[in-house]
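# Structural characterization, general
Below are the chains, spelled out letter by letter.
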Amino acid sequence: MPWTRKDLLGLEPLSAEELRLVLDQVKAFKEVSTRSVKKVPALRGRTVVLCFLEPSTRTRASFELAAKRLSADILQVQPASSSLLKGESVVDTARNIEAMQVDAVVLRHNSSGIPVRVAQAIRPSVINAGDGSHEHPTQGLVDLFTILEKKGRIEGLNVLIVGDVLHSRVARSDFWGLSKLGAKVTFCGPPPLVPAAFEGFGARIATRLEDVLPEADVVIALRIQKERMEEQMIPSFRSYARLYGIDEAKLARAKPDVLIMHPGPVNRGVELAPEVADGPRSVILDQVTNGIAVRMAALFLTISAQEPAASSKPAAQTAAVSL
Ligand code: CP
């Protein structure tokens, strides 16, 4: 099955077959970063625009490295020095950038749905690098790939997602990806931060961590998103850490081979005790490493799927390309 989407806006619209195709491509690209010369010509002559209108360390840096390792040219749109500050809309900014013959726009925005609107307005590929509390598809793919790499499978695993689900775009992308690939997803957190609506999509909801931690194969701790809370939704960080923070004492009741994951940035001592974040069951830095290959796959597949200019396309994808 070929990849046919010019944009990557979320994992909800993707089929299990499409998810597997991307994960196969990630595996092929991961090998490139183990070489002494970490560069392939797959996107030579293409231009990738990085438009991060909200802070980012991991996603922005890994997209930049991914584009460079594919030999693409990069244009950074800096919000503080762009005409967005003068009131130009994101769609108008994107249409002006499109007029400069670019091939992909990687967009992070604090409002849900902006990447979808931009993708409808421009020909270049649009990759959602996180929009409000909607989706963060490449982080979802990072988490799927890391679980697959460490556990050898996704189907049948119990994945426990703990914390501020309400505001988390990562939780949504993880949920869609994991459930399409056959994992059983449980959300656990303070009731105001865990929307019951997820039960309607097949997730399990829990409020007591001690009830669900022992059966988890994977725990994904979510960052408490102070910046998105319109009112105080937890009494204090200290009480959150006592009930939902994962420390050595709670981990003693988990499976010995449980994976501890976090999309970052970690509030140390809140979502995870430092000894857990840095401990032997943590794969947080493996997630960061895998972010580069995931973003290489996202850029390569979406740009390859563009129409027209078939003669200048990279090789069409029917299987993962080894380079
Ligand atoms: N996981 C994640 O999106 O991290 P950044 O905000 O640093 O990009």
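Residues numbered from 1 in each chain as written. Predicted model: local features only at pLDDT ≥ 70, side-chain atom pairs only at ≥ 80, totals over all residues. Heavy atoms only, no water.

### Here we look at the sheet that holds strand 4 (residues 125-131)
Read across the open sheet, the four strands follow the order 2-1-3-4; overall the sheet is parallel. Strand pairing shows two members of the sheet lacking a second neighbour, strand 2 (73-77) and strand 4, which therefore form its edges. On average, each strand axis in the sheet is tilted by 15° relative to the strand beside it, whichever way the strands run. The pairing of strand 3 (residues 104-109) with strand 4 spans five bridges and is parallel. Bridge assignment links V105 to a residue of strand 4, and that residue is V126. Contacting strand 3 and strand 4, helix 4 (residues 114-121) crosses the sheet at an angle of about 170° to strand 4. (Pairing = 2+ DSSP bridges. Helix = DSSP H or I, 4+ residues; strand = E, 2+ residues; numbered from the N terminus. Axes fitted to C-alpha atoms, helices over the stretch in contact; angles between N-to-C directions. Contact = heavy atoms within 4.5 Å.)

### Structural notes on the packing of aromatic side chains
Summed over the entire model, instances satisfying the criterion amount to seven aromatic pairs. Note on W176 and F201: the rings are 5.3 Å apart at their centroids and 75° apart in plane angle, and the pair reads as edge-to-face. Of this pair, W176 sits in helix 6 (residues 169-180) while F201 sits in the loop between strand 6 (184-188) and strand 7 (204-206); the two residues are 25 residues apart in sequence, bridging distant segments of the chain. Among the residues examined, W176 registers a relative accessible area of 15% and is labelled buried. Ring plane angle 40° and centroid distance 5.5 Å describe the contact between Y240 and Y244, whose orientation is recorded as tilted. (Phe/Tyr/Trp six-rings, centres within 6.5 Å; stacked < 30°, edge-to-face > 60°. Buried < 20%, exposed > 50% of the residue type's maximum accessible area, 1.4 Å probe, protein only.)

### Here we look at the site of the ligand
Close to the ligand lie S56, T57, R58, T59, R108, H136, Q139, P263 and G264, which account for all nearby residues. Here S56 contributes a side-chain N or O atom positioned 2.6 Å from an oxygen atom of the ligand. Against a free-state accessible area of 260 Å², the protein chains account for coverage of 92% of the ligand. Most atoms of the ligand, that is more than half of them, are within 2 Å of grid points of the largest pocket. Here the residues of the shell around the ligand are counted per class, giving one nonpolar, six polar and two charged. Residue assignment places the shell around the ligand across two domains, with domain 1 (16-135 + 287-322) and domain 2 (137-285) each supplying three or more. (Near = heavy atom within 4 Å. Polar contact = N/O pair within 3.5 Å; in protein donor to acceptor, adjacent residues only side chain to side chain. Areas by Shrake-Rupley, 256 points an atom, 1.4 Å probe, with all protein chains shown as cover. 1 Å grid on protein atoms, 1.4 Å probe; cavity = no way out; pocket = protein on both sides within 12 Å on 5 of 7 lines; lining within 4 Å. Sits in = over half its atoms within 2 Å of the grid points. Nonpolar A, V, L, I, M, F, W, Y, C, P; charged D, E, K, R; others polar. Domains from an automatic or database assignment.)

### Points about empty space enclosed by the protein
Counted under the stated rule, the structure contains four cavities of 30 Å³ or more. Its volume calculated, the largest cavity comes out at about 70 Å³. If you go around the largest cavity, the residues you meet are R58, S62, Q139, V142, P263, Q287, V288, G291 and R295. Secondary structure elements with two or more residues in the lining of the largest cavity: helix 2 (58-69), helix 5 (137-151) and helix 11 (284-304). Looking at the lining of the largest cavity, its residues break down into three nonpolar, four polar and two charged. (Points joined across faces, edges and corners; volume = space filled by probe spheres on them.)

### Points about the domain arrangement of the protein
Each assigned domain of the protein is listed with its residue range as follows: domain 1 (16-135 + 287-322) and domain 2 (137-285). Here domain 1 and domain 2 have C-alpha centroids that lie 27 Å from each other. Every contact between the two is made by 31 residues of domain 1 and, on the other side, 30 residues of domain 2. With both chains or domains summed, domain 1 and domain 2 bury close to 2400 Å², and 59% of this area falls on carbon and sulfur atoms. A per-residue breakdown of the area domain 1 buries against domain 2 is headed by L23, E135 and Q287, which together make up 32% of the total. Where domain 1 meets domain 2, there are two salt bridges. For the pair domain 1 and domain 2, the number of links is 16 residue pairs in polar contact (both at pLDDT 80 or more). At the level of secondary structure, the elements contributing two or more residues to the side of domain 1 that touches domain 2 comprise helix 1 (16-30), helix 2, strand 3, strand 4 and helix 11. A per-class count over the side of domain 1 that touches domain 2 returns 10 nonpolar, 12 polar and nine charged. (Buried area = accessible area lost by both parts, 1.4 Å probe. Salt bridge = Lys/Arg side-chain N within 4 Å of Asp/Glu carboxyl O.)

### Some details on the sheet that holds strand 7
In space, the five strands of this open sheet follow the order 7-6-5-8-9, with parallel pairing throughout. The open sheet has two free edges, formed respectively by strand 7 and strand 9 (259-261), since each of these has just one partner strand. Adjacent strand axes in the sheet meet at a mean angle of 20°, parallel and antiparallel pairs treated alike.

### With respect to the pattern of salt bridges
By the definition in use, this model includes 15 salt bridges. Between E18 and R5 there is a salt bridge, with the nearest N and O atoms lying 2.8 Å from each other. Residue E18 is found in helix 1, and its partner R5 is found in the segment before helix 1; the two are separated by 13 residues along the sequence. Owing to a relative accessible area of 6%, E18 belongs among the buried residues under this scheme. Salt-bridge contacts for R208 lead to E210; the nearest nitrogen and oxygen are separated by 3.7 Å. We classify R208 as partly exposed; its relative accessible area is 45%. Overall, the relative accessible area of 38% leaves E210 in the partly exposed class. One salt-bridge network, in which partners are shared between bridges, spans R60, E64 and K68.

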